[in-house]
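Read off the chains here:
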Amino acid sequence: MRVTAQTKAATRQRILDAAQCLFAAQGFEAATTRDIAREAEIAVGTLFNYFPTKEAVALCLVSEAYAQAAERFAADSSRESCSTGDSAEPFTLEEELFAHVATVLRKLKPFRKYLTAVLETALSPLTSDHADGAAPLRTAHLETVSQIISRHGQEQSASSVALHLYWTLFLGVLAFWSKDASPRQEDTLALLDQSLAMFVGWLTTGTKHTENHSSGG
Amino acid sequence: MPTMAELLEALPEPTEELAAPPRGPVPEMLEAWSLRPVPVGWFRRLRVLGTLQAQVGAAYLFHWLRGWFKDADENKRLLAETHWRNAIRVLDSMSYLRGATMKVGQTLANFPDIVPRQFVEALDRLHFDAPPMHWSLLKEMVHNELGDDPEHLFASFDRRAFAAASLGQVHRAQLKTGEEVAVKIQYPGIARTIREDIRNLFLFMLPARLSRDWENAKEQLDDLRIRLERETDYELEAAMLAKARPLFREDDGIVVPRVFPQHSTARVLTMERLEGVHLDQFLAANPSQQTRNEFARKILHAWYRLMYAGRLYYADFHPGNFLFMDDGRLGVIDFGYVMEIDDEVWNLFRTMDRALTTGRREDRLAAIRHWTWTTDDPSNSDRMRLGDQFADWCWRSRYCGGEFDFGDEADFREGFDLFLEMVRRRHTRARPITPMISRQQFGWRAMLYQLKAKIDVAPIAEEEIRVTGWDRSDYARME
């Protein structure tokens with residue numbers, strides 16, 4: 001029997017729904033691929049046709065939530081820029097970077113507790129860009145960061161080193177968040193605030209140094 | 001507009017004494033006055049943590065004490081350097097260290113003229129103009145606490161803070177039901193950070209346990225700990241506001257803002273917004289003596305009403321907590337540090353009332369013995385002498401009756417000198433609430449001093465104390 005694209009998409013979605021449900025109920029570690037398959041009412045072998053590992057399922061969930069966050073952020077950003085009247089002050093670079101990550105965190109909240117599994121594999125800075133399908137997520141995120149930096153007139157600073165540094169900080173915040181036991185994860189907000197202040201400080205100082213260097217040279 | 005970092009850079013190189021007492025030889029007179037143990041010693045240990053609070057505290061204290069023995073010109077130079085450097089440091093670090101530094105700032109701002117004007121003005125900026133949390137962070141805090149974004153929860157919400165609270169910031173907003181409100185929002189995690197700092201501080205201080213001034217230092221730390229814990233608990237503050245508000249009638253001309261519980265949590269406090277100015281702005285408009293007196297009376301009525309009718313001790317007398325409203329009303333807007341008076345303290349106050357009312361020396365000495373557990377042993381004569389002088393200073397405006405000139409600088413300084421002398425001689429051992437009461441005493445006196453008020457305290461106290469139902473027939477003046 002030919003499996004249509006529509007059936008494939010539906011099965012894939014069933015797997016994701018089942019996984020999300022089980023991860024939330026049992027925890028990421030306890031839930032097995034067998035459990036997920038059973039919950040999705042498919043054979044384990046079929047599950048592997050879609051996802052090679054449990055981590056890949058988790059990454060997919062995270063990536064989809066991330067995509068929604070990106071859409072939301074883009075919509076919010078355009079609304080902000082439309083609604084900016086004389087009285088409203090434009091966002092600073094730091095503020096906009098914060099808003100971006102905050103949008104991501106809100107969307108990833110249901111997956112917070114098993115984010116570590118994704119971080120340890122697909123999202124780790126040690127993972128090659130092509131591994132495990134994490135590249136699109138990373139690329140999309142950093143693309144948005146580049147655009148934000150450019151919007152604030154710092155496009156010269158958005159070097160690959162700067163973006164790598166940003167990505168490392170971002171993953172650090174995610175890792176902290178996934179284990180954050182403070183009330184409503186308020187410590188993550190403080191960490192994010194301070195991390196971005198540090199990053200933006202470095203970024204803008206770096207620009208100054210470059211300018212000084214080139215003018216002196 | 002230079003950045004804070006640039007301003008800091010532009011100042012002369014920091015010298016050791018800017019952050020702490022110098023390591024070199026100190027003036028002989030300082031040694032003779034045994035100034036090291038407390039409070040300078042306390043701040044020295046505090047500095048181990050490297051907190052800004054410690055740096056400002058130590059710099060300020062040392063400088064202030066040393067300044068008494070320096071010639072005016074050099075003093076002036078040192079003042080400018082120390083104060084501005086510290087003020088800039090404070091401003092520059094406010095975002096993340098606001099809790100601790102504000103406490104020092106607010107306490108110091110209570111001492112006009114004794115703490116140099118320049119420094120007080122810089123600290124005043126901290127009360128009201130500290131750099132705010134940016135909107136994106138604030139929005140997340142509100143979302144975290146109240147479950148939705150501020151623009152959905154409120155009819156309008158100003159992005160820019162209009163005041164810095166000690167541990168967060170305050171925004172103007174309007175509820176969907178139309179009320180104009182002030183929304184106080186706490187910097188994320190600051191409450192727990194401060195608690196951990198205090199715990200660490202105790203650990204750092206453990207080696208000092210055996211020293212003579214340990215108890216005093218511990219008391220001060222406890223006082224600071226309780227104060228910070230209370231101020232970071234907005235739910236408690238909401239409860240205090242709700243308790244205090246009904247104590248005042250419309251014709252009192254004193255108003256405590258209403259709380260909106262649906263929009264409040266432990267980290268977000270939404271309350272009615274009162275329109276008025278703070279003390280410095282009020283004074284800048286050159287109000288008449290009569291107007292200043294009227295506000296001074298209201299300040300005292302508010303304090304006594306809270307204490308006698310509400311059994312609430314308003315421990316945070318600093319100008320940022322009071323609003324001078326256009327219609328002549330006094331707004332009491334911050335209930336972050338209000339203690340409920342338990343039976344033990346209530347009975348202590350009951351006992352003190354006789355001495356406060358009669359002004360007789362024997363009553364005062366009895367009260368001091370009771371308060372400080374001091375016996376009649378001759379070795380305690382110095383303690384009793386100083387205690388008597390200080391208590392007399394604290395209470396004379398009440399028992400003397402008639403108009404009292406609170407603007408008399410010499411009188412104000414006398415109290416401060418006496419208190420310092422007691423601290424130096426380690427005569428401060430007393431009930432645990434003593435540090436709070438001392439600070440409060442200087443707090444209201446400082447406000448009335450700034451108002452240059454000339455008022456009769458006795459009738460205000462007599463009017464407010466009636467509600468206690470205490471039998472005062474054998475000592476109170478019967479009107």
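Structure's up top.
No experiment lies behind these values; they were computed from the predicted model shown.

### Observations concerning a nonpolar patch on the surface
Nonpolar side chains collect at one region of the surface, where Val161, Leu165 and Trp202 of chain A lie side by side and expose about 280 Å² of accessible area between them. With respect to the secondary-structure elements, Trp202 of chain A resides in helix H9 (residues 186-216).

### Details of the interface of chain B and chain A
With 20 residues of chain B at the contact, the number on the chain A side is 22 residues. With both sides pooled, the region where chain B packs onto chain A buries about 1,900 Å², and carbon together with sulfur makes up 42% of that total. The salt bridge involving Arg267 of chain B is made with Glu186 of chain A; its shortest N-O contact spans 2.8 Å. Linking chain B with chain A are 11 residue pairs in polar contact (both at pLDDT 80 or more). Contributions of two or more residues to the side of chain B that touches chain A are made by helix H8 (135-146) and strand E1 (156-165) of chain B. Looking at side-chain class alone, the side of chain B that touches chain A contains 6 nonpolar, 5 polar and 9 charged residues.

### Considering the packing of helix H14 (residues 289-309) of chain B against helix H20 (residues 457-465) of chain B
All names here are of chain B. Here H14 crosses H20 at 30 degrees, and the two axes come no closer than 9 Å. Judged by the angle between their axes, H14 and H20 are roughly parallel. Every pair of crossing elements has a handedness; the one defined by H14 and H20 is right-handed. Each of Arg297, Leu300, His301, Tyr304, Arg305 and Tyr308 in H14 lies in contact with H20, whose residues at this interface are Val457, Ile460, Ala461, Glu463, Glu464 and Ile465. Its residues placed into classes, the contact of H14 with H20 shows 7 nonpolar, 1 polar and 4 charged.

### Side note on the packing of aromatic side chains
Residue and element names in this part refer to chain B. Per the stated rule, a full pass over the model turns up 22 aromatic pairs over all chains. Judged by centre distance (5.2 Å) and plane angle (40 degrees), the rings of Trp303 and Trp444 are tilted. Of this pair, Trp303 sits in helix H14 while Trp444 sits in helix H19 (residues 434-451); the two residues are 141 residues apart in sequence, bridging distant segments of the chain. Comparing Trp303 with Trp444, the two get one shared label, buried. Joined through ring pairs, the aromatic side chains of Trp303, Tyr304, Tyr308, Trp346, Phe404, Phe406, Trp444 and Trp470 make up one cluster.

### Topic: the sheet that holds strand E4 (residues 254-255) of chain B
Residue and element names in this part refer to chain B. Spatial strand order, E4-E8-E7: 3 strands in an open sheet with mixed pairing. Where the open sheet ends on each side, the last strands, each with one partner, are E4 and strand E7 (322-324). In terms of strand pairing, E4 meets strand E8 (residues 330-332) through 2 bridges, oriented parallel. Across the sheet, Ile254 pairs through a bridge with Leu330, a residue of E8. Contacting E4, E7 and E8, H14 runs over the sheet at an angle of about 35 degrees to E8.

### Points about helix H15 (residues 343-358) of chain B
Residue and element names in this part refer to chain B. End to end, H15 covers 24 Å across 16 residues, agreeing with the expected 22 Å (1.5 Å per residue, within 8%). Maximum bend of H15: about 30 degrees, positioned at Met352. Backbone geometry just after H15 places Gly359 at a positive phi near 75 degrees.

### Topic: the side chain of Ser264 of chain B
Residues and elements named next belong to chain B. The residue Ser264 is located in the loop between E4 and strand E5 (268-272) in this model. A polar contact of 2.9 Å, which involves the side chain of Ser264, links it to the backbone oxygen of Phe260. Sequence-distant contacts of Ser264, that is, excluding residues within four places in its chain, are made with Leu146, Val259, Leu269 and Thr270.

### Re the pattern of salt bridges
Where charged atoms from two side chains of opposite charge come close, those side chains can pair. Residues and elements named next belong to chain B. Counting across every chain of the model gives 36 salt bridges over all chains. Note that Arg472 and Asp353 form a salt bridge whose closest N and O atoms lie 2.6 Å from each other. Taken together, the residues span a long stretch of sequence, with Arg472 in the segment after H20 and Asp353 in helix H15 at a distance of 119 residues. Just as Arg472 is buried, Asp353 falls in that class too. Asp474 is paired through a salt bridge with Arg354; the nearest N and O atoms lie 2.7 Å apart. Of this pair, Asp474 sits in the segment after H20 while Arg354 sits in helix H15, placing them 120 residues apart in sequence. For Arg354, a relative accessible area of 29% puts it in the partly exposed group. Because the salt bridges share partners, they merge into one network encompassing Arg361, Arg364, Asp388, Asp392, Arg396, Asp411, Glu414 and Arg445.

### Details of a negative patch on the surface
A cluster of like negative charges, contributed by Glu403, Asp405, Asp408 and Glu409 of chain B, occupies part of the molecular surface. Assignment of secondary structure puts Asp408 of chain B in the loop between strand E10 (404-405) and helix H18 (409-424).

Scoring rules and cut-offs
- Residues numbered from 1 in each chain as written.
- Chains lettered and ligands numbered in written order.
- Predicted model: local features only at pLDDT ≥ 70, side-chain atom pairs only at ≥ 80, totals over all residues.
- Heavy atoms only, no water.
- Patch = residues over 30% accessible without salt bridge, like charges linked within 9 Å, V, L, I, M, F, W, Y side chains within 5 Å.
- Areas by Shrake-Rupley, 256 points an atom, 1.4 Å probe, with all protein chains shown as cover.
- Salt bridge = Lys/Arg side-chain N within 4 Å of Asp/Glu carboxyl O.
- Helix = DSSP H or I, 4+ residues; strand = E, 2+ residues; numbered from the N terminus.
- Contact = heavy atoms within 4.5 Å.
- Buried area = accessible area lost by both parts, 1.4 Å probe.
- Polar contact = N/O pair within 3.5 Å; in protein donor to acceptor, adjacent residues only side chain to side chain.
- Nonpolar A, V, L, I, M, F, W, Y, C, P; charged D, E, K, R; others polar.
- Axes fitted to C-alpha atoms, helices over the stretch in contact; angles between N-to-C directions.
- Parallel < 35°, antiparallel > 145°, perpendicular 65-115°, else oblique.
- Left-handed = near helix turned anticlockwise from the far one by under 90°.
- Phe/Tyr/Trp six-rings, centres within 6.5 Å; stacked < 30°, edge-to-face > 60°.
- Buried < 20%, exposed > 50% of the residue type's maximum accessible area, 1.4 Å probe, protein only.
- Pairing = 2+ DSSP bridges.
- Expected span 1.5 Å × (residues − 1).
- Bend = angle between axes of the 7 residues up to and from the residue.
- Lys, Arg positive; Asp, Glu negative; His and termini not counted.
- Charge placed at Lys NZ, Arg CZ, Asp CG, Glu CD.

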